[in-house]
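# Overview (structure and organization)
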Amino acid sequence: MFFARLRKDIAAAKRNDPAARNKFEIWLTYSGVHALSWHRWANRLYRMHLKLLARITSQFAKWLTGIEIHPAAKIAPGVFIDHGAGVVIGETAEVEEGVVIYQGATLGGTGKESGKRHPTIKRNVTISSGAKVLGGFTVGEGARIGAGAVVLKEVPPYATVVGVPGRVVRVNGEKTAPDLIPEKEDPMLKEICALRERMFLLEEQIERMSKEDRS
């Protein structure tokens, strides 16, 4: 069973990485493959109720590979984690076969839920570098999450999501208009604009006082 899953992980790496020369090289040098192998052992310990030992194993794997996967996460064979540094996969996350995850991606929670707090990633989804998928919703089959996107709600199958917060801009390759408008005003942007206005007012006051002093 272990070796069958390992073969699928290696095959996924060979299929998705044009730089991969052969399966032996992948087995020896790919941190994503190593992290998944360690996770399968940690997950087995977790299901045997050896939870402390499972967490120790997952933290050791994080130290070795730079990839943090909670031992309770459910990851199918045939997933590819490319490079992988900074990837985080949370406790209740589920990742199906054919998913590709790039460095810096997070499958996490918002910190407000209980129970199913982390996303379910369906088959053949691509999660690009630095993307954050946060919450207990589903990302549909074949979806693509753009680099740096922050996804906070369910994604339909074969959709492309970009931006902060994440918005669907394509479905099945066709552009979509309604989701291009953000759902609500960005509070961070509003604060930055207010600070800029305050800065301009202060600069005007300083300039006016300077002129008065010279006169």
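The structure presented is a predicted model; accordingly, all values stated were derived computationally and were not measured.

With that settled, consider the sheet that holds strand β5 (residues 94-95). Strands in a sheet are paired, the pairing made by backbone hydrogen bonds, and the direction either parallel or antiparallel. Within the open sheet, the four strands sit side by side as β2-β5-β8-β11. Their pairing is parallel. At either margin of the open sheet sits one strand with a lone partner, and together these are β2 (74-75) and β11 (138-139). Of the strand pairs in this sheet, strand β8 (residues 120-121) and β11 are connected by two bridges, and their pairing is parallel. The residue bridging Thr-120 from the neighbouring strand is Thr-138, located in β11.

This brings us to the pairing of strand β14 (residues 159-162). Judged by which residues are buried, β14 turns out to be one-sided: Ala-159 and Val-161 face inward and are buried, whereas Thr-160 and Val-162, on the alternate face, are not. Note: strand β12 (residues 144-145) against β14, two bridges, orientation parallel. Paired with Arg-144 across the strands is Thr-160, a residue of β14. With four bridges joining them, β14 and strand β15 (residues 167-171) adopt antiparallel strand pairing. Considered in β15, the bridge of Val-162 is made with Arg-167. Hairpin geometry of β14 and β15 is characterised by an intervening segment of four residues between the two adjacent antiparallel strands and by a positive phi of about 90 degrees at Gly-163.

The next subject is the sheet that holds strand β7 (residues 106-108). Reading across the sheet, the five strands line up as β1-β4-β7-β10-β13 and stay open at both edges, with parallel pairing between neighbours. Pairing within the sheet leaves two strands with one partner each, and these edge strands are β1 (68-69) and β13 (150-151). Here β1 pairs with strand β4 (residues 88-89) via two bridges, running parallel. Paired with Glu-68 across the strands is Val-88, a residue of β4.

Right, let's get into the packing of helix α1 (residues 2-16) against helix α3 (residues 31-47). Where α1 contacts α3, the two axes come as close as 10 Å, and the packing angle between them is 155 degrees. In terms of their interaxial angle, α1 and α3 are classed as roughly antiparallel. Crossing angle aside, the handedness with which α1 passes α3 is right-handed. Two secondary-structure elements touch here, α1 through Phe-2, Arg-5, Leu-6, Asp-9, Ile-10 and Ala-13 and α3 through Val-33, Leu-36, Ser-37 and Arg-40. Per-class residue counts for the contact of α1 with α3 are six nonpolar, one polar and three charged.

Here we take up the pattern of salt bridges. This model, assessed by the stated rule, comprises six salt bridges. Between Arg-117 and Glu-91 there is a salt bridge, with its nearest N and O atoms 2.8 Å apart. With Arg-117 in the loop between β7 and β8 and Glu-91 in the loop between β4 and β5, this residue pair connects regions lying 26 residues apart in the sequence. The partner of Glu-97 in a salt bridge is Arg-123, and the shortest N-O contact between them spans 3.8 Å. Taken as a pair, Glu-97 in the loop between β5 and β6 (100-101) and Arg-123 in the loop between β8 and β9 (126-127) lie far apart in primary sequence, 26 residues in all. Arg-123 sits in the partly exposed class, given a relative accessible area of 36%.

It is worth spelling out the environment of Ala-72 at this point. Along the polypeptide, Ala-72 turns up in the loop between β1 and β2. In this structure the C-alpha to C-alpha distance between Ala-72 and Gly-90, which are 18 residues apart in sequence, comes to 8.2 Å. Setting aside its immediate chain neighbours within four residues, Ala-72 contacts Asn-43, Tyr-46 and Glu-91.

To continue, consider a nonpolar patch on the surface. There is a patch of nonpolar side chains on the surface, built from Trp-38, Trp-41, Phe-60, Trp-63 and Leu-64 and spanning about 580 Å² of accessible area. Sorting elements by how many residues they give to the nonpolar patch places helix α4 (residues 51-65) first, with three residues. Mapped onto the fold, Trp-63 is located in helix α4. Exposure remark for Trp-63: the relative accessible area of 68% places this residue in the exposed category.

Our focus in this paragraph is α3. End to end, α3 covers 24 Å across 17 residues, agreeing with the expected 24 Å (1.5 Å per residue, within 8%). All of the buried residues in α3 are Gly-32, Val-33, Ala-35, Leu-36, Ser-37, His-39, Arg-40, Ala-42, Asn-43, Leu-45 and Tyr-46. Those residues of α3 hidden inside the fold are in contact with α1, α2 (23-29), α4, β1, β2 and β3 (80-81). Count one or two residues on from α3 and you reach His-49, which has phi positive near 70 degrees.

Conventions used here
Residues numbered from 1 in each chain as written. Predicted model: local features only at pLDDT ≥ 70, side-chain atom pairs only at ≥ 80, totals over all residues. Heavy atoms only, no water. Pairing = 2+ DSSP bridges. Helix = DSSP H or I, 4+ residues; strand = E, 2+ residues; numbered from the N terminus. Buried < 20%, exposed > 50% of the residue type's maximum accessible area, 1.4 Å probe, protein only. Axes fitted to C-alpha atoms, helices over the stretch in contact; angles between N-to-C directions. Parallel < 35°, antiparallel > 145°, perpendicular 65-115°, else oblique. Left-handed = near helix turned anticlockwise from the far one by under 90°. Contact = heavy atoms within 4.5 Å. Nonpolar A, V, L, I, M, F, W, Y, C, P; charged D, E, K, R; others polar. Salt bridge = Lys/Arg side-chain N within 4 Å of Asp/Glu carboxyl O. Patch = residues over 30% accessible without salt bridge, like charges linked within 9 Å, V, L, I, M, F, W, Y side chains within 5 Å. Areas by Shrake-Rupley, 256 points an atom, 1.4 Å probe, with all protein chains shown as cover. Expected span 1.5 Å × (residues − 1).

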